[in-house]
Amino acid sequence: MYCFDPSRTDRFELDFVPMTQENSAHELLLHLDGVGKTFRMGEVSVHALKTVNLEIYHGEFLVMVGPSGSGKTTMLNIIGGLDQPSFGKVWYGDEDLSNVSQRELTRYRRETVGFVFQFYNLVPTLTARENVMVATELVKNPIDVDEALRLVGLSERSNHFPSQMSGGEQQRVAIARALAKNPELLLCDEPTGALDFETGKKVLRLLVDLKNTLGKTVLIITHNAAIAEAADRVVRLRSGEIVETHSNPHPKPPEDIEW
Amino acid sequence: MVRVLDRKLLRELRHQKGLLLAITTLVAVGVMCFVYMRSAHRNLKNAQSNYNTQCRMADFWIDLKKAPIAELQDLAELRGITELRPRIQFLCTVDLPDAKEPINGLVLSMPDRRTPVINDVILKRGDYFTDQRRDEVLVNNAFAKKHGIKPGDIIHLILNNRRQELHVVGTAISSEFTYLVGPGAISPDPEHFGVFYLKQTYAEEVFDFDGAANQLVGLLAPELREHPDAILRAAEARLKTYGVFSVTPLKDQQSHRFLSDEIRGIGTFAGMMPIVFLAVAALVLNVLLLRLIDQQRVVIGTLKGLGYSNAELFLHFTKFSSVIGLAGGLVGWAMGYQMSAWVTQIYQTMFEFPELKNNVYPELYLIGMAISLTCSVAGSFRGARAALSLQPAEAMRSKPPAEGGRVWIERIPMLWSRLSSGWRMVLRNMIRHKARTIVGVFAASMGAAILSCGFILQTSMGYLISFQFSKIDRSDVDLTFKDERGVDALFDARRLPAVDHAEPILDVACEFFNGPYRRKGVIRGLMPDARLTTPRDIHEDRILPPESGVVIPRKLAELMHLQPGDMLEFEPIKGVRKHCRVPIIRLADSYMGLMVYANIDYLRGLIGEEQAVSGVQLEVDERPEAMRELTRTVKRLPAVQTYVSRKSMIHNLNSTLVEMQNVFIGIMVIFAGVIFFASLLNMSLIGLAERRREVATFLVQGYSEWQVGGFFFRETMVTAIVGTLLGFPLGYLLVFWLTKNYDTEMFRFPLRTPPVVWVKTFMWGLGFAFAAHVFVQREISRMDWRDALSVKE
Ligand SMILES: Nc1ncnc2c1ncn2[C@@H]1O[C@H](COP(=O)(O)OP(=O)(O)OP(=O)(O)O)[C@@H](O)[C@H]1O
Ligand SMILES: [Mg+2]
């Protein structure tokens, strides 16, 4: 489906492969139905998510923005099967993720989701390459590990340990790890937070390409309003509620974005 | 399948080398103790039973004055007696040209031609008797070795008051003398005591025992072996006319009983000690793995988030802990095997066995391994379960400082306000990590308990020897006479060269009775002003022989359910077997043997022999030339049956029993030290691993390595000190329990706990804490703290 041209290491990009299913962008992939999350700490309750309804479609590039503490990560965790909502339902096809067995949930995380964690969460005792392998060994149809590292521009660093890499490099390993699983749904929690302008753009390009060429569904959390311009749809959260959703009929290519 | 995770595992094992080494050592020592103590115990037990079978060890011994062999053989008519062998036994004096002191010997008759008799011998060198000479002798192997006697040599024995020249044809051992002790001795001393086997025909001739014997050894039907009393009483009754001195069932046979007591003692040790060691190792291991895995919480959350299943992650951590358990178990096996071989070897110096093999008992090894594996896997299981039960999102968040509130000690303002901020941190930390602190303190207390137990036993052993030989038995030389001569023997003794002072004694072997309780023993008659034997009470105060009545040892009182004021019934074994009842005046305390004391005249009255004296105790001029003179004279005295030099007896005791005890106590102390040290070290290292970030932060802020190390040092110290103090009562209880179980008729351990024992334990505890901290401090110095801070987890 994809291939790698070694002469083009300046850009992190996939070769263009035409999409086979033109209309898949309107198929419903995931549906949050009245989802809320409350954290209890002793006597204090934090309503991280109040009542959220959201539909996510196949092959969509969705961006989530909102102030710090507004519940973005919480929502992404629920979508990714990393956490259970306190109430409401999460429909993945006809499966309610808030109400399946641990085994089902593990399968969902393993086979469907690729997650870029906000704090990268690399395994400190594994090299960059091995950190990616941790993910690829889980799935039947992964992207080649070296290819994944090349895509994020880290071919040279593949044998380095996380402690030997900068924050931005660690973040890119985390991205490589998520996409190497070749998942249907890619969830990225501030994937460009630690990256400079140029690198950030390249990463964004990569994500957009994944969506365009491979038909992946991509969900990004960001503080950077500019990134929203590249999205098909932008969801804005405030205090645990979706306060605004708007669609971009003509998302900007990442190269044109003013950072 | 999950190959990267295996790589992670190997790398983590490698990274934590120091910690893993410390954990492995701990487990290995636990497993080793289990394996070696129990193996040594079984080795000895098997050796005993094999040896007894090999020599066809008798089930009973009957000593009598003299009886026709034909009559003795008739006893086989008694149902339950399956085989009999009458034989001749006599004590003798061995006349070796180069001996410094007179040497006692025991002469036994054996068939002229080799047949597999009861109490057979196993030849070590040379051959059995030949038909060529009548005066052939087999010499007990240890004695022969000690004196360089070999087949073909000639030795001289004083037999029936005549000096006889005998041809040594071989050297031999027998299960009858596995623990070979001479008259009046308590430890094997092949330099001063040997056994000599003569041809039956020759023995009959030389002792004027034509067709007669004075000892009967026999086998019982298997079903009677456990309860031989009734049949033996019947046998005794039938032999009454021949003057039965004593009837001894196997369990009371000196060598057998001593060996059995020793085996039982080791069994007690082997039952208890490894459990203590293993319990400590298991607990510490459990906590360590729990903490080690807890440190991986975030990684667990991440892996789970990536799609790993709980089962896969469980497997991963189980592999990790299995490696530790396996390593500990294997090292424990190897060390256990070595130790068991070594300890078994040590027993060979005390007990003469044909072969004392160090066997491998697979089930012991498997149990040891199983315990090691179970503990480590259980520890990791608990740790992994805690992290795996969380949602990945939750696990990935750095651990909430749930215990972050105030700890109880802060509510004691009096105390809290006086503490420096460093101490506050240390105490808060210890209280928050309750489980770890408790296990640390527990391990330290067990270490301290075993240490102090070792020190107490050592002290007690020393006390026992000095109490017995500088307070109770104070003579330099004891002579016993062949028969109870009149007081003129005493005058002879006083005239011996080099003798400064002599006191007569009268030992009357008898059987004591109290209702259902019976026991063989000796009553020793003492002069009213005797100063060479002075029974003592528990405060070491002298007990004078009462004008009438007897003083009995506390242990005998216990065994016979008697107390002062009760009547002691007894019947002398030799002479007129008159039944006597005497009042018990006081209890004496002694830690060896079960000697009953009485006034010599009172005792003479009881047995109806005016002037009886069975021996004499001497205080002598111990200069070598004077002693040589004494030895030479005593050798020629026909009246003297045995000669016991206190000095060589103590020397021998020290170099055998005491030495062995000290080695075992030493081993125990070393292992307790290892446990103590390794647990402290483990606890500190794990604490350090857990708080790398915190340490790094302190260092970055400008704290020196020593200041940061100081926090850890204080924790270690508090753990060690509290643990040690708690270990004191535990140690006392442990000794109490051990001495109760090690208590035999031959030996009892006095429980001596002078302050020095506690001080020593305490100092060792502090020492271990210091030593453990050296490692921790080194880790802090070597730590790459930038590393610790740069990785986001
Ligand atoms: N496990 C938890 N326990 C308690 N409170 C939590 C927990 N997780 C999140 N919260 C709270 O829920 C709220 C939403 O958190 P969340 O991480 O979703 O915010 P966010 O939008 O991702 O913020 P940021 O942009 O800073 O990452 C915050 O107030 C946070 O403190
Ligand atoms: Mg967030």
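Residues numbered from 1 in each chain as written. Chains lettered and ligands numbered in written order. Predicted model: local features only at pLDDT ≥ 70, side-chain atom pairs only at ≥ 80, totals over all residues. Heavy atoms only, no water.

1. Points about the packing of helix α14 (residues 434–472) of chain B against helix α19 (residues 646–690) of chain B
Residues and elements named next belong to chain B. Note the following rule: A fitted line through C-alpha atoms represents every axis, and for helices the fit uses only the stretch in contact; the resulting angles, taken between N-to-C directions, go from 0 to 180 degrees. Numbering of helices and strands runs from the N terminus, with a helix taken as a DSSP run of H or I at least four residues long and a strand as a DSSP run of E at least two residues long. Each angle is binned into one of four classes, with values under 35 degrees roughly parallel, values over 145 roughly antiparallel, values of 65 to 115 roughly perpendicular, and all other values oblique. The classification used treats Ala, Val, Leu, Ile, Met, Phe, Trp, Tyr, Cys and Pro as nonpolar, Asp, Glu, Lys and Arg as charged, and all other residues, Gly among them, as polar.
Between α14 and α19, the shortest axis-to-axis distance is 9 Å and the interhelical angle comes to 170°. Between α14 and α19, the interaxial angle falls into the category roughly antiparallel. When the residues that make up the contact of α14 with α19 are grouped by side-chain class, the tally is 23 nonpolar, 9 polar and 3 charged.

2. Quick word on the interface of chain A and chain B
Put simply, the test is: It only takes one pair of heavy atoms within 4.5 Å for two residues to be counted as in contact. Joining two parts hides part of their accessible area as seen by a 1.4 Å probe, and the buried area is that hidden amount summed over both. By convention in these notes, a salt bridge is any Lys or Arg side-chain nitrogen within 4 Å of a carboxyl oxygen on Asp or Glu. Here a polar contact is taken to be a pair of N or O atoms separated by no more than 3.5 Å, where protein atoms must pair a possible hydrogen donor with a possible acceptor and residues adjacent in sequence count only if both atoms sit in side chains.
Counting residues at the interface gives 28 residues for chain A, matched by 30 residues for chain B. Each partner contributes to the roughly 2800 Å² buried at the junction of chain A and chain B, and carbon and sulfur atoms together form 58% of this total. Broken down residue by residue, the surface that chain A buries against chain B is led by A:Asn121, A:Thr125 and A:Glu137, which jointly contribute 20%. Inspection of the region where chain A meets chain B yields 4 salt bridges. In this structure, A:Glu130 engages B:Arg11 in a salt bridge whose closest nitrogen and oxygen atoms are separated by 2.5 Å. Counting every contact that joins chain A to chain B gives 13 residue pairs in polar contact (both at pLDDT 80 or more). Of all elements in the fold, only α2 (102–111), α3 (128–136) and α5 (167–180) of chain A reach the threshold of two or more residues within the side of chain A that touches chain B. Of all the elements, α2(A) adds the most residues to the side of chain A that touches chain B, at 4 residues. Counted by class, the side of chain A that touches chain B contains 12 nonpolar, 9 polar and 7 charged residues.

3. What about the side chain of A:Thr136?
All names here are of chain A. Applied cut-off: For the exposure calls, accessible area comes from a 1.4 Å probe over protein chains only, and a residue counts as buried if that area is under 20% of its type's maximum, exposed if over 50%, partly exposed in between.
Position of Thr136 among the secondary structure elements: in helix α3. According to the relative accessible area criterion, Thr136 is buried, its value standing at 8%. What Thr136 contacts, discounting residues up to four positions off in sequence, is Pro142, Ile143, Val145 and Ala180.

4. A short note on the coordination of the magnesium ion (ligand 2)
Worth spelling out the cut-off: Each metal's donors are the N, O and S atoms found within 2.8 Å of it, except that Na, K and Ca use a 3.2 Å limit; water is left out, so coordination can look incomplete.
For the magnesium ion (ligand 2), every protein donor is listed as A:Thr73 (OG1) and A:Gln118 (OE1), and the spread of their distances is 1.9 to 2.3 Å. With A:Thr73 in helix α1 (residues 72–79) and A:Gln118 in the loop between β6 (113–116) and α3, this pair connects stretches of sequence that are 45 residues apart.

5. Concerning the domain arrangement of chain B
Operational definition: Domain segmentation is taken from an automatic or database assignment of domains.
Looking at chain B, the domain boundaries give domain 1 (1–58 + 262–400), domain 2 (61–86 + 212–252), domain 3 (89–208), domain 4 (433–474 + 647–793) and domain 5 (477–621). On a C-alpha basis, the centroid separation for the pair domain 1 of chain B and domain 2 of chain B is 52 Å.

6. Regarding the sheet that holds strand β10 (residues 241–247) of chain A
Residues and elements named next belong to chain A. Put simply, the rule is: Two strands qualify as a pair provided that DSSP identifies no fewer than 2 bridges between them.
Judged by pairing direction, the sheet is mixed, and its 6 strands sit side by side in the order β6-β7-β8-β3-β9-β10 without closing on themselves. Two strands lie at the open edges of the sheet, namely β6 and β10, each paired on one side alone. The average angle at which neighbouring strand axes cross in this sheet is 15°, direction not considered. Note: strand β3 (residues 61–65) against strand β8 (residues 217–221), 4 bridges, orientation parallel. In the sheet register, Val63 faces β8, and the bridge partner there is Ile220. Strand contacts of α5: β6 and β7 (185–189), with the helix running at about 175° to β6, the strand carrying the most contacts.

7. Describing the environment of B:Gln468
Residues and elements named next belong to chain B. Locating Gln468 in the fold gives a position in helix α14. On the basis of relative accessibility, which here comes to 5%, the residue Gln468 falls in the buried class. Residues Gln468 and Ser590, spaced 122 residues apart in sequence, show a C-alpha to C-alpha distance of 6.9 Å. Once residues within four sequence positions are removed from consideration, Gln468 is found in contact with Asp473, Ser590, Tyr591 and Met592.

8. Re the packing of aromatic side chains
We describe a pair of aromatic rings using the distance from one ring centre to the other and the angle between the two ring planes. All names here are of chain B. As a reminder of what qualifies: Pairing of aromatic side chains requires ring centres within 6.5 Å, counting the rings of Phe and Tyr and the six-membered ring of Trp. Pairs whose planes differ by under 30 degrees are stacked, by over 60 edge-to-face, and all others tilted. Lysine NZ or arginine CZ positioned within 6 Å of the ring centre and within 35 degrees of the ring normal marks a charge as sitting over the ring.
The full count for this structure, using the stated rule, is 29 aromatic pairs over all chains. On the numbers, 4.8 Å between centres and 50° between planes, the contact of Tyr128 with Phe129 is tilted. Relative accessible area serves as the criterion here: at 8%, Tyr128 is assigned to the buried category. The buried category is assigned to Phe129, whose relative accessible area is 8%. Three or more aromatic residues joined by ring pairs form one cluster here, namely Tyr51, Tyr179, Phe258, Tyr347, Phe351, Phe353 and Phe664. If you follow Arg691 out to its NZ or CZ, it ends over the ring of Phe712, 4.7 Å from the centre.

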